[in-house]
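# Examination of the molecular architecture
Next come the chains, spelled out residue by residue.
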Amino acid sequence: MPELPEVEALAASLRERLVGRVVAAVEVGALNALKTYDPPPTALHGLLVTGVERHGKWLDVDVDGLHLLVHLSRAGWLRWSDALPRAPLKPGGKNPVALRVRLAPEDDDDPHRPPGFDLTEAGTQKRLAVHVVRDPAQVPAVATLGPDPLEASFDLDAFRALLAGSRQQVKGLLREQSVLAGVGNAYSDEVLHAARLSPYAVAGALPEQDVQRLFEALRTTLREAVAAAAGRPAAQLKDAKRAGMRVHGRTGEPCPVCGDTVREVSYADRSTQYCPTCQTGGKVLADRRLSRLLK
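Report follows, based on the coordinates. (Residues numbered from 1 in each chain as written. Predicted model: local features only at pLDDT ≥ 70, side-chain atom pairs only at ≥ 80, totals over all residues. Heavy atoms only, no water.)

### A short note on the pairing of strand β4 (residues 66–71)
- By the criterion of burial, β4 is predominantly enclosed, with six of the six residues buried.
- Of the two faces of β4, the one lined by Leu66, Leu68 and Val70 and the one lined by His67, Leu69 and His71 are each fully buried.
- Joining the antiparallel neighbours strand β3 (residues 58–63) and β4 is a turn of two residues, in which Asp64 adopts a positive phi near 50 degrees.
- With five bridges joining them, β4 and strand β8 (residues 129–133) adopt antiparallel strand pairing. Note on β8: the bridge partner recorded for Val70 is Val130. (Buried < 20%, exposed > 50% of the residue type's maximum accessible area, 1.4 Å probe, protein only. Helix = DSSP H or I, 4+ residues; strand = E, 2+ residues; numbered from the N terminus. Pairing = 2+ DSSP bridges.)

See the structure below:
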């Protein structure tokens, strides 16, 4: 799933390509991806793109006051093309393209195959979400987002206030979008490894030195990931994200800090990777799914 650094890179890339261009057409290939119907996607036709922003893990394309809001979820992605296919996108079937945005051709474009982008989704779990709204706050998941951890106003005091009194495990708190916007399963693993904290630690019970270390790890990890993703084509972002991970997705490999074996705790739809030596005092955390299999 793309998280804050990848979505930031996608937003920057789209901003460079879209702002100042006119939307010629929006074609829907997967009706289930479209979560709003008033205004319809056709309302964007003929309007000028005036901005592209990011809200947590959401992309926001501002089209003359109407907002095309996109959440790529687990298996969604954005694919740019300098020359889209001529044939209109047809709904249904096995085509992975859920939505296509065509731009009006300009001088350097092929008038029959203008540029634009596709939103695609692989797999059987269709969670890609597309909204056309007059205000991003009309989408509840956007309206309830917590602070962005890279905002200048988000300081140690603000972070300390988020943790205070929470009985939630710190891994879950970092992933909770209403608490902190943009961090998902992968970067929460990376942040906790950098902070040398167990994913099971209770957020509200962390000693002050751990809170400070976690805050610094959060900001540093995300800033480095944003810098690594900046300027990369969308097609390279997934591989670049995987290559930059130190523990996430590296079960069984040596920890790059201490050399211990990276371990995993599995859940129904995700997993957590960590280093016992760096994060849990050498303790291997119980994997409930594996434990059930061994009974």
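Following the structure, the description resumes.
### Overview of the environment of Val130
- The topology assignment puts Val130 in strand β8.
- Sequence separation of Val130 and Pro115 is 15 residues, and the distance between their C-alpha atoms is 20 Å.
- If we ignore the near neighbours within four places in the chain, the residues touching Val130 are Ala33, Leu34, Lys35, Thr36, Leu68, Leu69, Leu99 and Leu119. (Contact = heavy atoms within 4.5 Å.)

### Observations concerning the sheet that holds strand β2 (residues 49–55)
- Spatially, four strands are ordered β2-β3-β4-β8 in an open sheet, and the strand pairing comes out antiparallel. Edge strands, defined here as strands with exactly one partner in the open sheet, are β2 and β8. Direction aside, neighbouring strands of the sheet carry axes that sit 15 degrees apart on average.
- Sheet analysis places β3 next to β4, joined by six bridges and oriented antiparallel. By the bridge assignment for β4, Trp58 is matched with His71.
- Against the sheet, helix α1 (residues 4–18) engages β2 and β3, with an angle of about 175 degrees to β2. (Axes fitted to C-alpha atoms, helices over the stretch in contact; angles between N-to-C directions.)

### Let's talk about the nonpolar core
- Membership of the largest hydrophobic core comes to 37 residues, with the highest contact counts inside it found for Leu18, Leu68, Phe117 and Leu119.
- Every residue in contact with Phe117, bar those within four places of it in the chain, is listed here: Leu14, Leu18, Leu68, Leu78, Arg79, Trp80, Leu84, Leu99, Arg100 and Val101.
- Grouped together as the second largest cluster of nonpolar side chains are 27 residues, Phe159, Leu163, Leu214 and Leu218 included. (Core = buried A, V, L, I, M, F, W, Y, C linked by side-chain atoms within 4.5 Å.)

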